[in-house]
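# Structure assessment
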Amino acid sequence: MGAPSPTPLSSLLLLLLLLMLGARCYARQVHVPKGPLYRVAGTAVSISCNVSAYEGPSQQDFEWFMYRPEAPATSLGIISTKDSQFSYAVFGPRVASGDLQVQRLKGDSVVLKIARLQTQDSGFYECYTPSTDTQYLGNYSAKVELRVLPDELQVSAAPPGPRGRQAATSPSRLTVHEGQELALGCLAQTKTKKHTHLSVSFGRAIPEAPVGRATLQEVVGLRSDMAVEAGAPYAERLAAGELRLSKEGTDRYRMVVGGAQAADSGTYHCTAAEWIQDPDGSWVQIAEKRAVLAHVDVQTLSSQLAVTVGPGEHRIGPGEPLELLCNVSGALPPSGRHAAYSVGWEMAPAGAPGPGRLVAQLDTEGVGSLGPGYEGRHIAMEKVASRTYRLRLEAARPGDAGTYRCLAKAYVRGSGTRLREAASARSRPLPVHVREEGVVLEAVAWLAGGTVYRGETASLLCNISVRGGPPGLRLAASWWVERPEEGELSSGPAHLVGGVGQDGVAELGVRPGGRPVSVELVGPRSHRLRLHSLGREDEGIYHCAPSAWVQHADYSWYQAGSARSGPVTVYPYTHALDTLFVPLLVGTGVALVTGASVLATITCCFMKRLRKR
């Protein structure tokens, strides 16, 4: 038997069921946030509303109603997207002023905005959507409760005032030195009965600028989850430990900026925000207040550092002590944890440009050192007062004459022990004159015998004459040679062959041929150089260079004068008999002729060279 055919009644019921199921697929739903929502009087609030599963146009209209706690059954029309006259009289002025407004986000989504909450705004808010559906199915409105809390947030500068020199004004004016710590305190608390969190931020605005989010640059802040974050320009300093933010007690917050810089000047504010967690789990800021902490002026070291020297112009004799004083002045922080200083003296010969070369200095640790060329001398650099430094040369020399300047450098300490130079200043030039000894030297040198041959010893003598100078003057003499180069005598630098110092100690240089050389004092003012086993490579122009030396009471020596003799030509001749040793196979006659020709050629070449000289 076949299946029974459906009756007309069962078919009708099935059709109705399908129509009902299809209609339920388009049941309108209106959505608002979960409540209750807690907000603070005087602040703004935004309540969103959207509709889904609707029929009709994509742009839907919305109407907002309010139910106050004292009349929960009475709806009060607030605002509508399609009717400008929708508002009840109690809300009309606020809608007209913009304090109450509805903003469309999309065709099916809007947000109700209240710019400044009032206590009487507590109640239930209903979002209603007029029907555009073919059938009345689903949910056409939704409600959310809003509770307005009193403003219990308090923010102020924390007493006592920030570290530094503070004036008795409000807000306070604070001056700190470059490199010092800038410490500011802020009090922030709330008495709200609900569970809330506070976030606290320290910000800086340029002096006299109006305060706002556009002009206030965040320095560092403590977020509601207790994380510490810095504004972009201060991120590196936070990472380096130069910027710190801490919470002290229940309501006190302290910011410390280490190594204050000129760019840290400005007006500092403390901003506290109160946060509450909505039923959907998100944290929302419900209040914010800001307080001025201080107007901060960072006094740069470059604007304060000054250096003076004394006494005035000096005129002393050789061997006398030279004392110079340097005073570092200005409104400077003391040397220590945050700042450090170095002081030195520079000298330039009279008429020479620039600051000159370093004589002596004390570094930031107080350790003294001498400049190049002053090693071995009795020179003291010391600190004689809190900011006064003295340079003392035990025995001045004529070469110490010139202009002296005191150079001071200021450093600030960054993270850890790292020092950064922040400023430097030089004093005015201080002239120093040292009398000359008046020593005049003359030297005459010659080659003993006039002619020397290869293999012999060449003796060069130098006689020195002296006029003037103090008692105890000592003489030294050195011998120098210029070597021939490619058949011509070189005009390049001379090379030391040997000499005798003022203490009688011989000093030997490098002889061109590498053979023995001796230098000796043969009289009170007569020196001799001997070149043993003279060779062809010893050919050259020799001269004698005497110098006069004076020893001071501190046992140091200085050169009081010098001179240079005229040139002495040394040419090692070849013996005539040496030219005759020609291989006997050539024959005696040929050898004689050849030897005579060689001797004539050598003599001719030497005479030509003498004429060129």
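Residues numbered from 1 in each chain as written. Predicted model: local features only at pLDDT ≥ 70, side-chain atom pairs only at ≥ 80, totals over all residues. Heavy atoms only, no water.

By the naming in an unreviewed UniProt entry, the chain is Immunoglobulin superfamily member 8, taken from Phodopus roborovskii.

## Quick look at the overall build of the chain
To be explicit about the condition: The helix and strand labels rest on DSSP assignments: H or I over at least four residues marks a helix, E over at least two residues marks a strand, and numbering proceeds from the N terminus. Only protein chains enter the accessibility calculation, which uses a 1.4 Å probe. A residue is then buried if its area is under 20% of the maximum for its type, exposed if over 50%, and partly exposed in between. Contact definition: two residues touch when any of their heavy atoms are within 4.5 Å. Only the protein chains shown count as cover for residues, and all accessible areas are computed by the Shrake-Rupley method using a 1.4 Å probe.
Secondary structure assignment for the chain yields four helices and 45 strands. The buried share among the 613 residues of the chain stands at 40%. Once local pairs closer than 6 in sequence are excluded, the contacts in the chain between residues at least 24 apart make up 60%. Accessible surface computed for the chain: about 31,800 Å², of which carbon and sulfur atoms make up 54%.

## Overview of the environment of alanine 273
Here alanine 273 lies in strand β19 (residues 266–277). Taking C-alpha positions, alanine 273 is 8.6 Å from serine 201, a pair spaced 72 residues apart along the chain. Setting aside residues no more than four positions away along its own chain, alanine 273 makes contact with His197, Leu198, Ser199, Gln285, Ala287 and Glu288.

## Observations concerning the sheet that holds strand β5 (residues 76–80)
Condition: Whether two strands pair comes down to DSSP finding at least two bridges between them. An axis is simply a line fitted to the C-alpha atoms; with a helix, the fit covers only the stretch in contact. Between two such axes, the angle follows the N-to-C directions and lies from 0 to 180 degrees.
Taking strand neighbours across the sheet as the criterion, the five strands line up as β2-β9-β8-β4-β5 in an open arrangement whose pairing is mixed. Taken across any chain shown, the strands that pair with only one partner, and hence form the sheet edges, are β2 (37–40) and β5. Adjacent strand axes in the sheet meet at a mean angle of 30° when their direction is disregarded.

## Description of the side chain of arginine 39
The condition that has to hold: N or O atoms closer than or at 3.5 Å make up a polar contact, with two conditions inside protein: a donor-capable atom paired with an acceptor-capable one, and, for residues adjacent in sequence, both atoms drawn from side chains.
In this fold, arginine 39 is placed in strand β2. At 3.0 Å, the side chain of arginine 39 forms a polar contact with the side chain of aspartate 278. When residues no more than four places from it in sequence are discounted, the contact partners of arginine 39 are Val45, Leu117, Leu146, Arg147, Val148, Leu149, Ile276, Asp278, Val284 and Ile286.

## A short note on the sheet that holds strand β17 (residues 243–248)
Strand order in the open sheet made by the four strands is β10-β13-β18-β17, with antiparallel pairing throughout. Each edge of the open sheet carries a strand with a single partner, namely β10 (153–157) and β17. Strand-to-strand twist across the sheet, computed as the mean angle between neighbouring axes with direction ignored, equals 20°. Of the pairings in the sheet, the one linking β17 to strand β18 (residues 252–257) comprises six bridges and is antiparallel in character. Within β18, the position partnered with arginine 244 by the bridge is valine 256.

## Quick notes on the state of the cysteines
Worth spelling out the cut-off: For the purposes of this analysis, a disulfide is any pair of cysteine sulfur atoms at a distance within 2.5 Å.
A complete count under the given rule lists four disulfides for this structure. Here cysteine 49 engages in a disulfide with cysteine 127; their sulfurs sit 2.0 Å apart. Around the S-S axis, the bridge from cysteine 49 to cysteine 127 shows a dihedral of about -85° and counts as left-handed. Highlighted residues: cysteine 49 in strand β3 (residues 45–52) and cysteine 127 in strand β8 (residues 123–128), separated in sequence by 78 residues. With a relative accessible area of 0%, cysteine 49 lands in the buried category. Among the residues examined, cysteine 127 registers a relative accessible area of 0% and is labelled buried.

## Some thoughts on the nonpolar core
Filter applied, for reference: As used here, the term nonpolar core means buried Ala, Val, Leu, Ile, Met, Phe, Trp, Tyr and Cys residues forming a set that is joined through side-chain atoms within 4.5 Å.
Ranked by internal contacts, the top residues of the largest apolar core, which has 36 residues, are Leu324, Val343, Trp345, Val359, Met381, Leu391 and Tyr404. Judged by nonpolar contacts, the second largest core, of 35 residues, contains Leu184, Val200, Phe202 and Leu293.

## Thoughts on the packing of aromatic side chains
Where we set the bar: Within 6.5 Å between ring centres, the rings of Phe, Tyr and Trp (the latter by its six-membered ring) count as paired, and their orientation is classed by plane angle as stacked under 30 degrees, edge-to-face over 60, tilted in between.
One pass over the structure, following the stated rule, counts four aromatic pairs. Relative to phenylalanine 86, the ring of phenylalanine 65 has its centre 5.3 Å away and its plane inclined at 75°; by these criteria the two rings are edge-to-face. With phenylalanine 65 in strand β4 (residues 63–67) and phenylalanine 86 in the loop between β5 and α2 (92–97), the pair connects residues that are 21 residues apart, well separated along the chain. Comparing phenylalanine 65 with phenylalanine 86, the two get one shared label, buried. Consider the rings of tyrosine 571 and tyrosine 573, whose centres lie 5.2 Å apart with planes at 80°: the pair is edge-to-face. By relative accessible area, which is 17% here, tyrosine 571 ends up buried. Assessed through its relative accessible area of 21%, tyrosine 573 is described here as partly exposed.

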